[in-house]
Amino acid sequence: MKDRPHSGTPFAEAATIARPTDDDHFMREALAEGRLAADHGDVPIGAAIVRDGAVIARAGNRREVDADPTAHAEVIAIREAAHALGRWRLSDCALYVTVEPCAMCAGAAVLARVALVVFSAPDEKAGAVRSVAELLDASWMNHNPRWRFYPQLRDEVQRLLAEFFATQRKGRTEAD
């Protein structure tokens, strides 16, 4: 993971979006959604959208259950938040996600004008916030959400992922 400061600029006033002291609570909400995703065979990644100190949308991955390659937790949560607010601009919202967003999900956060993205585990293969690409800080993007890395739940998130993939591999081996 690259160790560079982020330069995103929010549309919302800093006081209206989630503060670092809120990160543990809201990341645990996202983690709970990730666990639910694993229950139906999806990669256990969860997301929560927060506005004014409350979760307004939450989702886990649904690619397998919906047979939809775009059914990532972040995209679903962004759609639900937009629907709940009756607008597509989420400029006063924070997106909490257990794993660093991929390019599609980082792009969705930019297009939705999300003010802040917070994640707990880097994705060294596909992370588009700071691991592989830095889309949220890209000067050519029309919006640059602020972002935070919240490593305090990293081990728990990575353990959940490791257990899920170990179970998947074991199931394939037994089927052979």
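Now for a quick tour of the structure. Fair warning: this is a prediction, and the values are worked out from it, not measured in the lab. (Residues numbered from 1 in each chain as written. Predicted model: local features only at pLDDT ≥ 70, side-chain atom pairs only at ≥ 80, totals over all residues. Heavy atoms only, no water.)

Here strand β1 (residues 46-51) lies mainly inside the structure; five of its six residues are buried. Looking at chain direction, β1 and strand β2 (residues 54-60) are connected through six bridges and run antiparallel. Bridge assignment links arginine 51 to a residue of β2, and that residue is alanine 54. Between the end of β1 and the start of β2, which pair antiparallel, lie two residues, with aspartate 52 showing a positive phi angle near 50°. Relative to strand β3 (residues 94-99), β1 runs antiparallel, the two being bridged by four bridges. Bridge pairing links isoleucine 49 to leucine 95 in β3. (Buried < 20%, exposed > 50% of the residue type's maximum accessible area, 1.4 Å probe, protein only. Helix = DSSP H or I, 4+ residues; strand = E, 2+ residues; numbered from the N terminus. Pairing = 2+ DSSP bridges.)

The next subject is the packing of aromatic side chains. In the structure shown here, the tally under the stated rule is four aromatic pairs. With a centroid separation of 5.2 Å and an interplanar angle of 75°, the aromatic rings of phenylalanine 164 and phenylalanine 165 are classed as edge-to-face. One aromatic cluster in this structure is built from Phe119, Trp147 and Phe149. (Phe/Tyr/Trp six-rings, centres within 6.5 Å; stacked < 30°, edge-to-face > 60°.)

As a volume, the largest pocket reaches approximately 440 Å³. Around the largest pocket, the lining comprises 19 residues; the ones closest to its centre are Val43, Ile45, Val99, Asp123 and Leu161. In terms of residue count, the dominant contributor to the lining of the largest pocket is helix α5 (residues 154-175) (three residues). (1 Å grid on protein atoms, 1.4 Å probe; cavity = no way out; pocket = protein on both sides within 12 Å on 5 of 7 lines; lining within 4 Å. Points joined across faces, edges and corners; volume = space filled by probe spheres on them.)

Below, the discussion takes up the sheet that holds β3. In space, the five strands of this open sheet follow the order β2-β1-β3-β4-β5, with mixed pairing throughout. What marks the edges here is a single partner per strand, and that holds for β2 and β5 (146-149). Each adjacent strand pair in this sheet contributes to an overall mean axis angle of 20°, direction not counted. (Axes fitted to C-alpha atoms, helices over the stretch in contact; angles between N-to-C directions.)

Let's shift gears to the side chain of asparagine 144. On the secondary structure map, asparagine 144 appears in the loop between β4 (116-121) and β5. A residue is classified by how much of its surface remains accessible, and asparagine 144, at 15% relative accessible area, is buried. Polar side-chain contacts of asparagine 144 include one of 2.9 Å to the backbone oxygen of alanine 138. (Polar contact = N/O pair within 3.5 Å; in protein donor to acceptor, adjacent residues only side chain to side chain.)

Here we come to helix α1 (residues 23-39). Helix length check: α1, at 17 residues, gives a terminal C-alpha distance of 25 Å against a target of 24 Å (1.5 Å per residue), a fit within 8%. Of all the residues in α1, the buried ones are Asp23, Phe26, Met27, Glu29, Ala30, Leu31, Glu33, Gly34 and Ala37. Positive phi appears at glycine 41, one or two residues downstream of α1, with a value of about 85°. (Expected span 1.5 Å × (residues − 1).)

The topology assignment puts glutamate 33 in helix α1. One buried charged side chain, glutamate 33, makes no salt bridge at all; its nearest oppositely charged neighbour is arginine 58, positioned 4.4 Å away. For glutamate 33, the contacting residues outside a window of four places in its chain are Gly46, Ala47, Arg58, Ala59 and Gly60. (Lys, Arg positive; Asp, Glu negative; His and termini not counted. Salt bridge = Lys/Arg side-chain N within 4 Å of Asp/Glu carboxyl O. Contact = heavy atoms within 4.5 Å.)

It is worth stressing that arrangement in space is one thing and function is another; only the former is reported here.
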